[in-house]
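Notes for the structure review
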Amino acid sequence: MRISAVEPFILHLPLTSDSISDSTHSITHWGVVGAKITTTDGLEGYGFTGTHAHLPSDRLITACIRDCYGPLLVGEDASDHQRLWTKLARHPALQWVGRAGITHLALAAVDVALWDLAAKNAGAPLWSLLGGARTEALEAYNTDIGWLSFSKDALLAGSARAIEEEGFTRVKIKVGHDDPNIDIERLEAVRKRVGSAIRIAIDANGKWDLPTCQRFCARAKDLDIYWFEEPMWYDDVASHAALARNTSIPVALGEQLYTIDAFRSFISAGAVHYVQPDVTRLGGITEYIQVADLALANRLPVVPHAGEMSQVHVHLSYWHAASTILEYIPWIKDHFQEPANVESGLFMRPQQPGASTTPLPQAFDRYGVYE
Ligand SMILES: [Mg+2]
């Protein structure tokens, strides 16, 4: 299984709405920026990271895949993915310019493609290659009904539809208005509409500061919030540790963290309760497993960021012992050979060999962005 070619690709896929916003980001498309790795025996592995479909920065990632990692991989045995991860991540010149950011997003794409190859070579879905499923039923929570840009009426209608028509028992609502009282009003309306049995998580996407979060949590304490995600600036360990000590609402974070070292800092400070790694921002599946093991050793639940948007998290959540529930944002799944579908609030377990990361040919035809 020698690597014969490493080719980058870019897909800009439309969302389920014309556009969405959280407290920090506004987007119209999702960028699937990835690597196709071909072997001498004809196998093709696919892996990708996720972006805001911003072509200039997407091209930095594809340049890294093609020009920096490609020459290091061609001729190598694709099944040596642990050694190859170290070869790429610890390459002195590349480590010098980036232990996070563009080089790490590109590393994620390449690493996932190598795991996809390993599973295809074994003729097994990734969760089976890794050791089998821990559960028969992986529960989904719906984020796509809760964007900050949605009106209160749309928020209530979407929540009701997800619960009453689609079978979800969990939703996530974005918060982070300049005036947090607006968020309290929206959350009170959702809680009243969906009832006490539904789990409601919230997500501020790093918007607020510590005093704002403390006042907000005091007002939200009777709303039975399942977790408060990214309340403050992504890298601020001390403030998250202070909030975690001072509120009864559990803290969730991790989607903006690039390395196991960053996760260790938050976990050892007691600054996170729900650990949210993402294969597309960490250095792929290889580093995700290290983070999930770290969480397990600290008896903390793992809830991967952007759920099925990586396709891979469905496999990892069916397999890893620290996994619990998984996010659902159905923007990209239908462009893949094996979509990460949800039925009655549960993720379908993947059945095809590989990591479910192979795009459909028509996705390239219709949404491929060529340089
Ligand atoms: Mg989030």
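Residues numbered from 1 in each chain as written. Predicted model: local features only at pLDDT ≥ 70, side-chain atom pairs only at ≥ 80, totals over all residues.

1. What to know about helix α8 (residues 210-220)
Among the residues of α8, those classed as buried are C213, F216 and A220. One side of α8 carries all its buried residues, which in axial view fall inside an arc of 65°. Residues of α8 that are exposed and point over 90 degrees away from its buried face: P211 and A218. Buried residues in α8 make contact with α7 (180-194), β9 (225-229) and α9 (237-246). (Buried ≥ 20, exposed ≤ 12 C-beta atoms within 10 Å, placed from the backbone. Helix = DSSP H or I, 4+ residues; strand = E, 2+ residues; numbered from the N terminus. Arc of directions from axis to C-beta. Contact = placed C-beta atoms within 7 Å.)

2. With respect to the domain arrangement of the protein
How big an interface is tends to be stated in terms of the accessible area lost upon association of its parts. According to the domain assignment, the protein contains domain 1 (3-123 + 361-367) and domain 2 (128-347). A separation of 24 Å is found between the C-alpha centroids of domain 1 and domain 2. Taken together, the contact pairs 33 residues of domain 1 with 28 residues of domain 2. Of all the secondary-structure elements, those providing two or more residues to the side of domain 1 that touches domain 2 are β1 (3-14), β2 (20-21), β4 (29-39), β5 (44-51), α2 (81-89) and α4 (102-122). At 10 residues, α4 tops the list of elements feeding residues into the side of domain 1 that touches domain 2. Grouping the constituent residues of the side of domain 1 that touches domain 2 by class yields 19 nonpolar, 11 polar and three charged. (Domains from an automatic or database assignment. Nonpolar A, V, L, I, M, F, W, Y, C, P; charged D, E, K, R; others polar.)

3. Structural notes on helix α10 (residues 260-268)
For α10, the full list of buried residues reads F263, F266 and I267. When α10 is viewed along its axis, its buried side chains cluster within an angular range of 95° and face the same direction. Opposite the packed face of α10, turned more than 90 degrees from it, sit the exposed residues D261 and S268. In this structure, the buried side of α10 is in contact with α9, β10 (251-253), β11 (274-275) and α11 (284-297). Count one or two residues on from α10 and you reach G270, which has phi positive near 70°.

4. Things to note about unusual backbone geometry
With the exception of glycine, the majority of residues adopt a negative phi angle, and the majority of peptide bonds are in the trans configuration. You will see that N205, though not glycine, has its phi angle at about 45°, which is positive. With respect to the secondary-structure elements, N205 resides in the loop between β8 (199-203) and α8. A positive phi angle is found at S344, which is not glycine, with a value near 50°. Along the chain, S344 falls in the loop between β13 (342-343) and β14 (346-347).

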